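Here is what each chain is made of, one letter per residue.
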Amino acid sequence: MAGAESGSGAFSMSSVVADRSLVFWTLCSVILPVLITLWCSFHRSRRQMLIRDIFYKSEHDWHYTDLFGQPSYCCVCAQHVLRGTFCSCCGLRVCEGCLKKADQHFLCKEIVMRSEGGARGSMPHHWIRGNVPLCSHCVVCKQQCGTQPKLCDYRCVWCQCTVHDECMLDCLKIEECTFGEFRDLIIPPYYLSAINQMRKDRRTDYEKVVPYCREHWIPVIVLANTRSGNNMGETLLGEFKILLNPVQVFDLSKITPAKALQLCSLLPCNAVRVLVCGGDGTVGWVLDAIDEMKIKGQERFIPQVAILPLGTGNDLSNTLGWGAGYAGEVPVEQILRNVMEADGIVLDRWKVQVTSKGYYNLRKPKVFTMNNYFSIGPDALMALNFHAHREKTPSLFSSRIINKAVYFFYGTKDCLVQECKDLNKKVELELDGERIELPNLEGIIVLNIGYWGGGCRLWEGMGDEPYPLARHDDGLLEVVGVHGSFHCAQIQVKLANPVRLGQAHTVRVCDQNLSDTWQKWNCTEVTHAPIQERLLLNSVSRALFYRMTPLVPLQLFNHTPITPKAFYVSLLNLYPDCIQPYYIIKM
């Protein structure tokens, strides 16, 4: 009996030890991964804080990437890297461990030259070793550079010329940099250094500094909207900073066009060109800033404006020859060549005056300027709904396809609801003072440019009728009507013609209903501005520019609908693309 009891006691003791051991190892298997995860998270956050601190204090424009787009090597340790940091201005690429050392030992592009001993009219090459562009050639032996799978060869961050390691001579290190192919577009650091010295001396005769650069100098300023269309602005910003002086490239999500265009006042008169990377809305935003320059008395510094279409519709860009949209198919170098080679054309501009009528007319008329078109009806309703949706959830609108899908959704919805039904019974239309009898319509569109609705030639329709082509420089407005959203879709795929109401120099739209269900603004008049504006056209690439001499402040508006509850007026762009708030006038 005693032996049995001792045996059972030993068995129970061993089972307790086994249970405790199981609990211990179970806890270890649960707690240890948690501790390792917390430790890794702590060190990762600490490393990210150190990287952000370096980014903030550095003169480089560092960016982090999880995967480089081409084979890359660290400029410090010369090891192959898949992910790391790169400078969007000078092109340095380093791994995370070498970031601090690279920031201390490598200089970035100088925006303003630190010159000693007076003004200078030249500067030496700024060489960076390794990661040269693909298919680049040595300026000495004319052979291809960057062919070896290691950190090799040199590139000048200003003129973009490349040299083999074995071809690099001492004379090249001190040779004067010519700024390469785009010398006529780059603002040299020594020019800004001379301007800075002149401002300290309270001198404003900047024209005397031009000979330090070159005779035919047309500096370009790049304004990119990173929220436009397919969100290519971020990539283009880096590519332009590589080719130009970083001071010439601005992100419109961080700085307004009005502040960016103040750089024009430091450059020669009537020589600056502005490349707007964005949609028609972004172009309108920039033109607003140019209007402010006119009001401030800076007419002689007003630049010429080019468009790189990144928006959804890009109707103004398409009409003026820049195309329906940019998706990276054309190299940035070719875009800059188009900027240099552009010629001039003219563009009509129109004043839109919104007035109220009635016994107690105490409101002043509202006056705007129109570049694209003016619309009342279903297309305006679609754009209003699109804008409200994008303002609520901007992260969803990341590509042109998604944007057009949202337009399609709201267009289909309007086919069923028909909020703009019987428009012809609610408004009167006058062309050059003559009243037009309206057929059964849901929308009226007043066109100044040839394209509408994201690439549709609205006035020509299917092209089966002998109507003259709509022009942007003939001093005439084309007025058309549509039967609804489904009719708009048919016109866009060339299965139907619009209801052509006529051409005129003056268009007047008035509300017939004066009941309480309508608001007080109820008469809109579109009249031609006294002058036409100059643009630039390239005969080969059709690159275009816009020369502003504004008459009245220009604003960009959403298309808005006309309904029994409210009468809205909208201007200019079916596909709004501006990051500033839109203005909606309720009649």
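Quick note: structure is the one above.
Residues numbered from 1 in each chain as written. Predicted model: local features only at pLDDT ≥ 70, side-chain atom pairs only at ≥ 80, totals over all residues. Heavy atoms only, no water.

(A) Representation of the pairing of strand 11 (residues 273-278) within the structure. In terms of residue burial, strand 11 counts as a mostly covered element, since six of its six residues are buried. Burial of the side chains of strand 11 extends over both faces: Arg-273, Leu-275 and Cys-277 are buried on one face and Val-274, Val-276 and Gly-278 on the other. Looking at chain direction, strand 9 (residues 220-224) and strand 11 are connected through five bridges and run parallel. Across the sheet, Val-222 pairs through a bridge with Leu-275, a residue of strand 11. (Buried < 20%, exposed > 50% of the residue type's maximum accessible area, 1.4 Å probe, protein only. Helix = DSSP H or I, 4+ residues; strand = E, 2+ residues; numbered from the N terminus. Pairing = 2+ DSSP bridges.)

(B) Structural context of the pairing of strand 17 (residues 427-431). Residues of strand 17 alternate between two faces, with Val-427, Leu-429 and Leu-431 buried on one and Glu-428 and Glu-430 left unburied on the opposite face. Pairing geometry for strand 17 and strand 18 (residues 434-436), over three bridges, is antiparallel. Its bridge partner being in strand 18, Leu-431 is matched across the sheet by Glu-434. Counting the residues that bridge the hairpin from strand 17 to strand 18 gives two residues, and of these Asp-432 lies at a positive phi of roughly 55 degrees.

(C) Layout of the state of the cysteines. The full count for this structure, using the stated rule, is zero disulfides. Of all cysteine sulfurs, the one in Cys-138 lies closest to Cys-141, which takes part in no disulfide; the gap is 3.7 Å. For Cys-141, a relative accessible area of 29% gives the class partly exposed. In this model Cys-456 remains outside any disulfide bridge; the closest cysteine sulfur is found in Cys-488, 8.8 Å from its own. Accessibility expressed as a relative area gives 5% for Cys-456, which makes it buried. (Disulfide = S-S within 2.5 Å.)

(D) Looking closely at the sheet that holds strand 1 (residues 62-65). Judged by pairing direction, the sheet is antiparallel, and its three strands sit side by side in the order 1-4-5 without closing on themselves. Only two strands of the sheet have a single partner each, and these edge strands are strand 1 and strand 5 (93-94). Bridge count for strand 1 against strand 4 (residues 84-87) is four bridges, and the pairing is antiparallel. Counterpart to Thr-65 in the pairing with strand 4 is Gly-84.

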